[in-house]
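Next come the chains, spelled out residue by residue.
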Amino acid sequence: MDNKLTKDFEKTVEKTIKDYKLIDKKHKVLVALSGGKDSMSLLYILKNLGYNVEALMIDLETGEHFLKNKENAEAFCRKLEINFHICSLHEEFEMKMLDIWKSIQKKEKLTNCMICGVIKKWMLNKKAKELGFDKMATGHNLDDAAETILMNLFSGNPFLGINEGPMTGIISDKAFVQRIKPLYFCSNEEVRKYSEEKGFKILYKPCPFLTKSSRKGIREGLESLEKEEPEVKRKLVYNFLKRIEPMKREYNNMESVKQCKICGEATRTDLCKKCRIMELLK
Ligand code: AMP
Ligand code: ZN
């Protein structure tokens, strides 16, 4: 990727922020930082564009691979003079992720990634609220979006896809810190090239606990389809976003925010997803 391509990449992110009115310079923006290529590139671009950004990492304490990501993320923030927050899973749940996985999987067939994803999302929202941020930015990219759209379609509940788009969460309620995805229209390959070109110190290897899942199968399927039909992921995401507009309006009228009966966090059902999972530990 040459200089023009890195500039084009940054312009795509800037355009997404503008077109979807994701943030402005007055907002306090928290970037959910995993130490991977996506969230590191995102943090770098937002900082360079002059937004008021800080970073938050959930310490998963899953061993060597995570430790390296943590060191890289910390050093990155120090260099860019960005405030780096870290919160530990262990302090919040008195358990490490490895033990949470083991205990839950004795009772129910849930994948590592599913359990980890739900817990991370819950903690990110809780901490972003506690720290007083207006918006929380994650590094989800176009490939993530294409996979999620297909997974939701296959699940048979079309309303599950209603949250798609660079601005997630159709419910704007003070219980949720608005989540945004400024890399939404950047492909995985584009992000990888950008971070390589910028020479970010990053592990490009996937998490060693990544499990065989339907997402992985869909990812592989989309990859081979893309070879036959270039831009198929991009077409899928753009067309889907156009189609869900009327559904969003319908859904908006139906939904209300409740408080989770156990933890008090915002949810659409009686118990939030995190508490439903944690109930399995009892
Ligand atoms: P993943 O679900 O691992 O694909 O990550 C999606 C996005 O969630 C990343 O781009 C980050 O913005 C955020 N994220 C993932 N893991 C962490 C973590 N341990 N701490 C903070 N944010 C994270
Ligand atoms: Zn809860």
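Since the structure is predicted, the reported quantities are computational estimates derived from the model, not experimental observations. (Residues numbered from 1 in each chain as written. Chains lettered and ligands numbered in written order. Predicted model: local features only at pLDDT ≥ 70, side-chain atom pairs only at ≥ 80, totals over all residues. Heavy atoms only, no water.)

Draft legend 1. Just the overall build of the protein, in detail. Secondary structure summary: the protein contains eleven helices and eight strands in total. A compact globule built from 282 residues would reach a C-alpha radius of gyration of about 19 Å, and the protein, at 19 Å, matches this within 12%. Principal axes of the C-alpha set define a box for the protein whose edges measure 55 × 45 × 40 Å. Every one of the 282 residues in the protein was classed for burial, and the buried ones make up 47%. In the protein, of all internal contacts separated by at least 6 residues, the share reaching a separation of at least 24 is 73%. (Helix = DSSP H or I, 4+ residues; strand = E, 2+ residues; numbered from the N terminus. Rg over C-alpha atoms; globule rule 2.2 N^0.38 Å. Buried < 20%, exposed > 50% of the residue type's maximum accessible area, 1.4 Å probe, protein only. Contact = heavy atoms within 4.5 Å.)

Draft legend 2. Quick peek at the pairing of strand β2 (residues 52-59). With respect to burial, β2 is a largely interior element, seven of its eight residues being buried. Between strand β1 (residues 28-32) and its parallel partner β2, the chain crosses via helix α2 (residues 37-48), and the hand of that crossover is right-handed. Inspection of the sheet shows β2 paired to strand β3 (residues 84-88) by five bridges, in the parallel sense. Looking at β3, one finds that M57 is bridged to I86. Taken together, β2, helix α3 (residues 64-80) and β3 form a β-α-β motif whose crossover is right-handed. (Right-handed = clockwise from strand over helix to strand, strands pointing away. Pairing = 2+ DSSP bridges.)

Draft legend 3. Seen up close, the site of ligand 1. Around ligand 1, the surrounding shell holds 14 residues, and the nearest of these are A32, L33, I58, K120 and G139. Here a nitrogen atom of ligand 1 and a side-chain polar atom of K120 are 3.2 Å apart. A distance of 3.0 Å separates an oxygen atom of ligand 1 from a polar atom in the backbone of G139. In isolation ligand 1 exposes 470 Å². Once the protein is present, 76% of that is buried. Contributions of two or more residues to the shell around ligand 1 are made by β2 and α6 (112-130). For the shell around ligand 1, the leading source of residues is β2, giving three residues. Looking at side-chain class alone, the shell around ligand 1 contains eight nonpolar, five polar and one charged residues. (Near = heavy atom within 4 Å. Polar contact = N/O pair within 3.5 Å; in protein donor to acceptor, adjacent residues only side chain to side chain. Areas by Shrake-Rupley, 256 points an atom, 1.4 Å probe, with all protein chains shown as cover. Nonpolar A, V, L, I, M, F, W, Y, C, P; charged D, E, K, R; others polar.)

Draft legend 4. Molecular detail of the pattern of salt bridges. All told, the structure shown has 26 salt bridges when counted by the stated rule. Of the charged contacts, one joins K37 and D38 as a salt bridge, the two residues approaching to 3.0 Å between their closest N and O atoms. Taking the relative accessible area as the measure of exposure, D38 reaches 16% and is therefore buried. Between K127 and E92 there is a salt bridge, with the nearest N and O atoms lying 3.8 Å from each other. You can see K127 sitting in helix α6 and its partner E92 sitting in helix α4 (residues 89-93), a full 35 residues away along the chain. Take K127: its relative accessible area is 17%, and that puts it in the buried class. By relative accessible area, which is 27% here, E92 ends up partly exposed. Taken together, the shared-partner salt bridges connect E92, K126, K127 and E130 into one network. (Salt bridge = Lys/Arg side-chain N within 4 Å of Asp/Glu carboxyl O.)

Draft legend 5. Just the sheet that holds strand β6 (residues 178-180), in detail. Taken in spatial order, the six strands of this open sheet run β3-β2-β1-β4-β6-β5, and their pairing is mixed. Edge positions in the open sheet fall to β3 and β5 (167-168), since each of these has one partner strand only. In terms of strand pairing, β1 meets β2 through five bridges, oriented parallel. Residue pairing for β2: A32 is matched across the bridge by L56.

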